[in-house]
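Spelled out from the first residue to the last, the chains are:
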Amino acid sequence: MATTVITGIGELTTNDDALGTLTDAALVLDGDRIAWVGSASDAPAADERVDVEGRAVLPGWVDSHSHLVFAGDRTAEFAARMAGKPYQAGGIAVTVGATRAATDEELAANLRAHLDEAAAQGTTCMETKTGYGLTVADELRSAKVAAAADEVTFLGAHLVPPGEDADSYVDLVCGEMLDAVAPHVGWCDVFCEHGAFDADQSRRVLEAAKARGLGLRVHGNQLQQGPGVQLAVELGAASVDHCTYLDESDVDALAGSDTVATLLPACDLSTRQPLPDARALLDAGATVALAANCNPGSSYTSSMAFCVTTAVLQMRMTVEEAVRAATLGGAKALRRDSGEGAVGVLREGARADVHVLEAPSTTWLAYRPGVPLTRAVWRKGERIR
Ligand code: NIG
């Protein structure tokens, strides 16, 4: 298999505790894995040599939260929101209608376009969810389409379909829908929020998923304080996402657990919610991830750089914390941060997912807000930009 040495790295963020951040560094890619990391002067020879001339290099972004199996858009809803109308979870139903009306090919093409859009900006590992089908047949085909992403999450419990009884719908999700979808997904999520699913309904869905061997994720505490975080921690979810409204006991619960607090700042901006208190979470010792939450309703962006910039400029995260949260944090939220083929980290044996910035250091992600800084990207060892 061909090897590539990337040399002349001015600043190399490895996210590996032993390696740390290196200057004047090099990396060797062998097939889809990292084969060597170290000082440029010690780099072994390789089939191909790429000199990045002092630029900063980091792991590709790991975007652990998106909703990309959808059709249509919600421009009018967004415009109304910017004119003062509040965000309501009920808007999801508009996308459900468009998604049900689309063909499998249209859904797959739309997903591919968004995955490619993200990859061009340095995202090399991406999770996506079902959740705009909400019938057994539509959730099943959504799960099959979603297989183009690195990780697939079943979100049948996204909204009670309009006109249906909530408890009967939860029965369907916990039974026939999970039976159909479980073989095609790794994760199950639930939108535990006033207006979506309450604590008891959310628990039923998560326990049914756990019984089928799926990993758990929760949408929690997005629009107001609620039981989502505590439920996620209690049930050992890998991640609870949004975390916009937390009280002290939520922060303590997260800090004392392996559940990652995944923050979605682009969503909070787009829905005109406050930004989450990242500082409280980090200072308490919780693991924080940043994700773009690309979806047509609450956060129509695939830009992880925008999330990092916002986290630094508006959420009192340092550049190092924000970059780590958008790479290793996402990998932890997907339980892909260790072992062979790990993502979000650059060390021997990790997946060869490499992001070269048009910048001498990652500090420029916040210092030059809004400027596209992706210079080159390798995903699984293949240069895609
Ligand atoms: O993560 N909160 C629930 N689900 C999505 C929004 C989906 C939509 O509005 O279409 C989210 O923000």
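What counts, and at which threshold
Residues numbered from 1 in each chain as written. Predicted model: local features only at pLDDT ≥ 70, side-chain atom pairs only at ≥ 80, totals over all residues. Heavy atoms only, no water. UniProt positions renumbered as here; feature names shortened; annotations may be inferred. 1 Å grid on protein atoms, 1.4 Å probe; cavity = no way out; pocket = protein on both sides within 12 Å on 5 of 7 lines; lining within 4 Å. Helix = DSSP H or I, 4+ residues; strand = E, 2+ residues; numbered from the N terminus. Buried < 20%, exposed > 50% of the residue type's maximum accessible area, 1.4 Å probe, protein only. Contact = heavy atoms within 4.5 Å. Near = heavy atom within 4 Å. Polar contact = N/O pair within 3.5 Å; in protein donor to acceptor, adjacent residues only side chain to side chain. Areas by Shrake-Rupley, 256 points an atom, 1.4 Å probe, with all protein chains shown as cover. Sits in = over half its atoms within 2 Å of the grid points. Nonpolar A, V, L, I, M, F, W, Y, C, P; charged D, E, K, R; others polar. Pairing = 2+ DSSP bridges. Axes fitted to C-alpha atoms, helices over the stretch in contact; angles between N-to-C directions.

Asks: Residues and numbers for the UniProt feature "binding site: Fe(3+)" (unreviewed entry) in the chain, please.
Replies: With numbering aligned to this structure, UniProt lists the feature "binding site: Fe(3+)" (unreviewed entry) at His65, His67, His219 and Asn293. The greatest C-alpha distance among the residues just named is 12.1 Å, despite their covering 229 residues of sequence, which places them together in space. Here the residues from the annotation list that line the largest cavity are His67, His219 and Asn293. With respect to the secondary-structure elements, His65 resides in the loop between β6 (61-63) and α1 (75-82). Exposure remark for His65: the relative accessible area of 0% places this residue in the buried category. Those residues within four positions of His65 in sequence are excluded, and the remaining contacts are Glu127, Lys129, His219, Asp241, His242, Leu264, Ala291, Ala292, Asn293 and Cys294. Among the secondary structure elements, His219 is positioned in strand β10 (residues 215-220). Residue classification places His219 among the buried positions, given a relative accessible area of 2%. When residues no more than four places from it in sequence are discounted, the contact partners of His219 are His65, His67, Lys129, Leu155, Asp189, Val190, Phe191, Cys192, Asp241 and His242.

Asks: Outline the site of the ligand, listing residues and values.
Replies: If you check the shell around the ligand, you find 16 residues, and the closest are Arg74, Tyr87, Tyr132, Gln222 and Ser298. Here His67 contributes a side-chain N or O atom positioned 3.1 Å from an oxygen atom of the ligand. Between an oxygen atom of the ligand and a side-chain N or O atom of Asn293, the distance comes to 3.0 Å. A total of 330 Å² of accessible area belongs to the ligand in isolation, and the protein chains cover 100% of it. Judged by the fraction of its atoms near the pocket grid, the ligand is located in the largest cavity. Broken down by class, the residue content of the shell around the ligand amounts to five nonpolar, ten polar and one charged.

Asks: Which residues make up the side chain of Arg55, and what values do they have?
Replies: Note on placement: Arg55 falls in the loop between β4 (48-51) and β5 (56-59). At 3.1 Å, the side chain of Arg55 forms a polar contact with the backbone oxygen of Val52. Those residues within four positions of Arg55 in sequence are excluded, and the remaining contacts are Gly8, Ile9, Gly10, Glu11, Val356, Leu357, Glu358, Ala359 and Arg375.

Asks: How would you sum up the UniProt feature "domain: Amidohydrolase-related" (unreviewed entry) in the chain? Please name residues and give values.
Replies: Sites flagged by UniProt as "domain: Amidohydrolase-related" (unreviewed entry) map to residues 57-359. With 42% helix and 16% strand, the stretch residues 57-359 has end C-alpha atoms that lie 9 Å from each other.

Asks: Quick one: what's the story with the sheet that holds strand β7 (residues 123-129), residue by residue and with numbers?
Replies: Read from one edge of the open sheet, eight strands run β6-β7-β8-β9-β10-β11-β12-β13, paired in parallel fashion. With one partner strand each, in any of the chains shown, β6 and β13 (288-290) form the two edges of the open sheet. Looking at each pair of strands side by side, their axes are set apart by 25° on average, direction ignored.

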